[in-house]
Amino acid sequence: MSHGKMKLIDPRRFVSRVFPIVQWSKSYDLQIGVGDLIAGITVALTLIPQSIAYASLAGFEPQYGLYASLTGGFVYALMGTCPQINIGPTALLSLLTFTYTNGTNSDFAVLVCFIGGIVQLIAGIAQLGFLVEFVSLPVVSGFTSAAAITIASSQIKGLLGLRFSAESFMSTWKGVFKHIQDTRLPDTLLSLACCVVLIGMKVIKDIKIKGINDEKSRRTGLIIQKCLWFAGVGRNAVVVVLAAVLAFFVHQDKDEPLILTGNITPGLPMPQLPPFHTTVGNTTYTAGEMFTHLGSGLLVVPIVGIISNVAIAKAFARGSTLDATQEIVALGVCNFIGAFFRSFPVNGSFTRSAVSDASGVRTPAAGLYTSIIVLLTLALLTPYFYFIPRAALAAVIVCAVLHMVDIAIIKKLWATSRLDIIPLVGTFVCCLVLGIELGLICGVGVDVVLLLYYHSRPPLRIEFADDGILPPHYAIHPVGGLHFAGAERVRSQLISLRNTKIPNTRLEGLTVVTDDNIATIPRDPVANGTIAVGNGNNVGNGNNVGNTDNFVANGTGGAERGRSANILVIYCDALYRMDYTFLQSIKMLVTEWSKTGQVIWCNTRPGIKDQLNSVLHEPIYCDNDLRMFLLRISAVDEQQAFNDTPL
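Just so it is clear, the model here is predicted, and its values are computed rather than measured. (Residues numbered from 1 in each chain as written. Predicted model: local features only at pLDDT ≥ 70, side-chain atom pairs only at ≥ 80, totals over all residues. Heavy atoms only, no water.)

## A word on the pairing of strand β6 (residues 473-476)
Item 1. A two-sided burial pattern is seen for β6, the buried positions comprising His473 and Ala475 on one face and Tyr474 and Ile476 on the other.
Item 2. By the bridge criterion, four bridges tie strand β5 (residues 462-465) to β6 in an arrangement that is antiparallel. Residue pairing in the sheet places glutamate 463 in a bridge with alanine 475 of β6.
Item 3. Bridge count between β6 and strand β11 (residues 567-571): three bridges; the pairing is parallel. The partner of isoleucine 476 across the bridge, within β11, is isoleucine 570. (Buried < 20%, exposed > 50% of the residue type's maximum accessible area, 1.4 Å probe, protein only. Helix = DSSP H or I, 4+ residues; strand = E, 2+ residues; numbered from the N terminus. Pairing = 2+ DSSP bridges.)

## Thoughts on the state of the cysteines
Item 1. This structure, assessed with the given rule, holds zero disulfides.
Item 2. Free of any disulfide, cysteine 194 has its nearest cysteine sulfur in cysteine 195, 7.0 Å distant.
Item 3. On the accessibility criterion, cysteine 194 (5% relative accessible area) is buried.
Item 4. For the unlinked cysteine cysteine 431, the closest cysteine sulfur is that of cysteine 430, found at 7.2 Å.
Item 5. Of the residues examined, cysteine 431 reaches a relative accessible area of 2% and is grouped as buried. (Disulfide = S-S within 2.5 Å.)

## Quick notes on a nonpolar patch on the surface
Item 1. A contiguous nonpolar surface patch, about 660 Å² in accessible area, is contributed by Leu268, Ile372, Leu375, Leu376, Leu380, Leu381 and Tyr384.
Item 2. Here tyrosine 384 is to be found in the loop between α17 (366-380) and α18 (390-401). (Patch = residues over 30% accessible without salt bridge, like charges linked within 9 Å, V, L, I, M, F, W, Y side chains within 5 Å. Areas by Shrake-Rupley, 256 points an atom, 1.4 Å probe, with all protein chains shown as cover. Salt bridge = Lys/Arg side-chain N within 4 Å of Asp/Glu carboxyl O.)

## Quick look at unusual backbone geometry
Item 1. Despite not being glycine, arginine 342 has its phi angle at roughly 65°, a positive value.
Item 2. As for its placement among the helices and strands, arginine 342 is situated in the loop between α15 (324-338) and β4 (347-348).
Item 3. Positive phi, normally seen in glycine, also occurs at asparagine 603, with a value near 50°.
Item 4. Along the chain, asparagine 603 falls in the loop between β13 (598-602) and α24 (606-615).

Written out as structure tokens, the structure reads:
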């Protein structure tokens, strides 16, 4: 193949990249299959009651939670890379779905799922996953914590048996205080009992039986421990089933002691195109009107799904390489196909992923078994959902989201980066006061402001070198990229150095290295065109001029003579980019400095040299022997001074 031709894509390699099942299925055997089957059944016991509850959280009938749980396992088994991840409804996306579709119908949620899947597919194919890195961990933590509190608050009315409509954290609590006198005692007692059972069963899951010596007792203890763990993992299913049985026996046709789920549509969803027009009450919405109503939700929902899914995959990767692009593509396909089966937006759940991991999952095939159980549930059990009390579903949701509130991060940020507490608290408060979607936007905005603040103050270490032999000069070592935000600050800082007496200079980041500091230090030989100063740290190769731990002059020694410098040496070996605004600032800097001195560009990369040549008139480069270069400058200056001396 000639050099100019494009390299053809190997079809087999492409297929195995898009469908990882092609690779791991080659080594799939009975032992692995049994492990995946156990994990799939265990996750289903968590997923089914959760999905019913999350459908209620999103504002829809319970069967929509199962619709959302149906296709994710099948698709992810084919395209996913992380065995632990289970795709289905989550509390966070259910809350966001409710936020953008409240007051409409399920068609809007299905459309969000469809468009969100397309957005995620585009992000994955175009490898735009790096964009989620602009949402910092403090913002994500503040967002998820506020979402958890908002979700728990939204279930207060279900726990107390209240009936009123509310859309946000603030309106929910206003409604609770306004209708508190309407609290229904049976629903309250049932929800309290469900919460106690859920928390208790979660505790018994982690019980370890110890102190058994003989083999038979040890085996019996291990069986008991496994049974306790399995009961703890399936606690949501146990609570929902027991509550439904209780509701069935106390059911009365005229006077309902408990608020029940009620009639739902039985059976499997029929595959159909996502809706692009719908009717809500007497109002008919066209596709454009549906898009307008959903607004920013068409971007916010898929982006939050990507952030959550990649974070979960990273958590369970355990140091191994993670193909984040493939994870985003797989999630996009899950939502895209799910929309044809009446699903609302889905992503991975950390709770279910942890259950799957603890169950001994081996491959993504576990999702196949989970989805098959969901399919059977839809086909056979939906008529019995009528008797599920809403108080039990509210208890399941509250107990599921409490762990999402991240309090420990405050202590970590206080110990490591206190400035990051600002976006954390800002996002948290804005999410509670302004709403989840606006709070996330505000948090990202605070992050952007902090990012610009950091860029406006790039680290700039200025060194004054004066060994009594070479002409005194300033040296700086910019690292990385120099951008518009810090252009004026850097220019003014360097301009202030021009013809400044060192003892009177108190500039940020200034290190003074003088002849008195290094009088007793043996000189290192000059090599590769660099000058050795002090203990041998080289100027020319981009290291510090002298050892600043040993030689910081603090305005004493040789600096007391008040020597000044009119030479600025800029080492560009670690500089890879300057934007247009910074280049214009550099042009002004060189113009000012060249009135009485010189600016020398050392070890300049070809790309940086091209940028400098485009804005500067005859810039001075020194890529060889800086020592000889400076000595020649010194000789020329002395000759000029001698010629200018009157006889």
